[in-house]
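# Inside the fold
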Amino acid sequence: MSGHNVWTHKGTFLLAAVGSAVGLGNLWRFPYLTGENGGGAFILVYALTIFAVGIPILIAEIMLGRSSRQSPIMGMRHLTKTHQTSRAWETIGWLGAASAFLILSFYSVVAGWSLHYTWQMLTGSLAGADADTINAGFNQLLASPGLMTLYHTLFIALSAFIVGMGIHRGIEAGLRIIMPALFVILLVVLGYSVVNGDIGAAASFLFTFNIADLSLEGWLQAMGQSFFTLSLGMGAIMAYGAYMSSNASLTRTALSVAFVDTAVALVAGLAIFSLVFGAGLETGQGPGLMFVTLPMAFAEMPFGALVGGVFFILVLGAALSSSISLIEPVAAFLVERFDLTRPQAVTIMVIASWALGLLTVVSFNVWAEGTIFHALFGRNAFEFIELLTNIFMPLGGLLIALFAGWALTQSEVAKELGGDDTWFAVWRFLVRFIAPAAVAFVFLRTLPQVEG
Ligand code: PFF
Ligand code: NA
């Protein structure tokens, strides 16, 4: 295709991919999963999966985007034609778009909670509050469909606005402001946690491991997390890859994305656990770690309300830079396929995902029990949607690995990847054998859960 969109600078893809990767997955999900699964052993499995499975698939997904130069759905159609393979591979595009749509629906609700906490912290409502008050506050938020809908609406509207402005004036310009600010804030929070928390305890919790501590469930969660955190299998990376400069090194860029994403997760983990240990609190609080335990720690510390507020701004910015990458693949498809304007396409995608998000909102209160989702799947709507994405993500990743590893010929792929022969051979081996085997394992283990 000629006249396609590309990023303004050679390095913008890296910025955009890091923006997509670094998000609630690093700041919220990684720390609580690590806390629930006992620390170091979880991190070890997570890191191994990032290397053996995550990075190879990340490379493959960028490659598919860049060589097709279109949105994931149209791009896969184009690739199956030019490489004369089965049109069934288009499933990759459709699965990606479906997952992006599903994930955005609940991602925005959780990001909305951070909006609430930013506000609470900066107005000083939680300064000096005791544990019961903070606990009750979180429960009150979850019990209020109105409040949650308000935050969900604000967050998704802001994301839509950025994507609606286009890839240059919206996404690129937005990320140039958000991303540097995030790194500065992260370092400020880390510094604060070194001074006021117990960084030694945090480090030994994260970096000493006994692999026998980890349950099979923990293994699965670690592998699932490595997918989620790198934004794999959802079309986001493929959509951004379509705008990547042909001159940028694909492999080096993929390694940088994985490195930065992992570093952010580890630094966030260190900071959060330092504060949690420093305040003598528990690590295994699950999803409430960031929204309950952490505010408790801030409530006791000097300037806690201020630094806590800044921390939640970090969470918001990271979530925003990820949510825009969930809108892009679907919006770009609607533009290409139906000739819509970008604002029209974004509006359609976001309104639909917003409406679906209302199911997540009510899953915490009025529809917490006794719904059709419970009857059919033994879980509430939010848990069902999350389960679907936990199936679609690895399935998408598996198909990407198989397509890149087996459907495309070696010479076609070598041309796009370039670089060193040995590394190419390593990549090809991982993407043909190791990644599919590992992903199939996670996938088949998740499947039985569908019956509840
Ligand atoms: N990688 C993001 C995170 O760690 O928060 C989540 C995410 C964003 C997943 C975009 C998938 C995606 F397409
Ligand atoms: Na991430």
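Residues numbered from 1 in each chain as written. Chains lettered and ligands numbered in written order. Predicted model: local features only at pLDDT ≥ 70, side-chain atom pairs only at ≥ 80, totals over all residues.

Turning our eyes to something else, we now look at the overall build of the protein. If you tally the helices and strands in the protein, you get 19 helices and zero strands. Against the globule reference of 22 Å for 452 residues, the protein gives a C-alpha radius of gyration of 21 Å, in line with a compact fold. The dimensions of the protein, computed from C-alpha atoms along their principal axes, are 65 × 45 × 45 Å. Per-residue burial over the protein gives 53% buried out of 452 residues. The contacts in the protein between residues at least 6 apart in sequence include a share of 84% that link residues at least 24 apart. (Helix = DSSP H or I, 4+ residues; strand = E, 2+ residues; numbered from the N terminus. Rg over C-alpha atoms; globule rule 2.2 N^0.38 Å. Buried ≥ 20, exposed ≤ 12 C-beta atoms within 10 Å, placed from the backbone. Contact = placed C-beta atoms within 7 Å.)

Inspection of the region around ligand 1 gives 16 residues, with Gly23, Gly25, Ser231, Met234 and Ala236 positioned closest. Elements represented by at least two residues in the shell around ligand 1 include exactly helix H1 (12-21), helix H2 (24-36), helix H5 (91-122), helix H10 (216-229) and helix H14 (304-338). Classifying every residue of the shell around ligand 1 by side-chain character gives eight nonpolar, eight polar and no charged. (Near = placed C-beta within 6 Å. Nonpolar A, V, L, I, M, F, W, Y, C, P; charged D, E, K, R; others polar.)

With that settled, consider the nonpolar core. Of all hydrophobic cores here, the largest spans 160 residues; its most connected members are Leu58 and Ile327. Per element, the largest residue contribution to this core is 18 residues, and it comes from H14. When residues no more than four places from it in sequence are discounted, the contact partners of Leu58 are Leu230, Leu232, Ile237, Ala254, Val257 and Ala258. (Core = buried A, V, L, I, M, F, W, Y, C linked by C-beta atoms within 7 Å.)

A few words on the environment of Met244. Checked against the element boundaries, Met244 lands in the loop between helix H11 (236-241) and helix H12 (250-278). Of the residues examined, Met244 has 24 C-beta atoms within 10 Å and is grouped as buried. Measuring from C-alpha to C-alpha, the distance between Met244 and Val6 comes to 6.0 Å, with 238 residues separating the pair along the chain.

Quick look at the packing of H2 against H12 now. At a minimum axis distance of 9 Å, the contact between H2 and H12 shows a crossing angle of 65°. In terms of crossing hand, the pair formed by H2 and H12 is right-handed. Residues Asn26, Leu27, Phe30, Pro31 and Thr34 of H2 pack against Asp261, Val264, Ala265, Ala268, Gly269, Ile272 and Phe273 of H12. Taken together, the residues that form the contact of H2 with H12 break down as eight nonpolar, three polar and one charged. (Axes fitted to C-alpha atoms, helices over the stretch in contact; angles between N-to-C directions. Left-handed = near helix turned anticlockwise from the far one by under 90°.)

Positive phi is not limited to glycine here, since Gln84 has a value of about 50°. Topologically, Gln84 is positioned in the loop between helix H4 (72-82) and H5. The residue Ser231 is not glycine, and still its phi comes out positive at about 60°.

Right, let's talk about helix H7 (residues 145-164) for a bit. The end-to-end C-alpha separation of H7 is 27 Å, in line with the 28 Å expected for 20 residues at 1.5 Å each. Looking only at H7, the buried set comprises Met148, Tyr151, His152, Phe155, Ile156, Ser159, Ala160, Ile162, Val163 and Gly164. Where the residues of H7 are buried, they touch H5, helix H6 (131-143), helix H8 (167-196), H14 and helix H15 (342-363). Where H7 terminates, the next one or two residues include Gly166, which has phi positive at roughly 100°. (Expected span 1.5 Å × (residues − 1).)

All right, on to the confidence of the model for the protein then. Of the residues in the protein, 98% have a pLDDT of 70 or more, and the chain-wide mean is 94. Prediction confidence for the complex, expressed as pTM and ipTM, is 0.95 and 0.99 respectively. (pLDDT = per-residue confidence, 0-100.)

Looking now at the environment of Tyr32. Mapped onto the elements of the fold, Tyr32 is located in helix H2. The spacing of Tyr32 and Gly224 is 192 residues in sequence and 14 Å in space, taken between C-alpha atoms. Setting aside residues up to four positions removed in sequence, Tyr32 forms contacts with Gln285, Gly286, Pro287, Leu289 and Met290.

To continue, consider the environment of Thr409. Summarising the element assignment, Thr409 is placed in the loop between helix H17 (381-407) and helix H18 (410-417). A residue is classified by how many C-beta atoms lie within 10 Å of it, and Thr409, with 11 of them, is exposed. Considered as a pair, Thr409 and His83 are 326 residues apart in the sequence and their alpha carbons are 8.7 Å apart.

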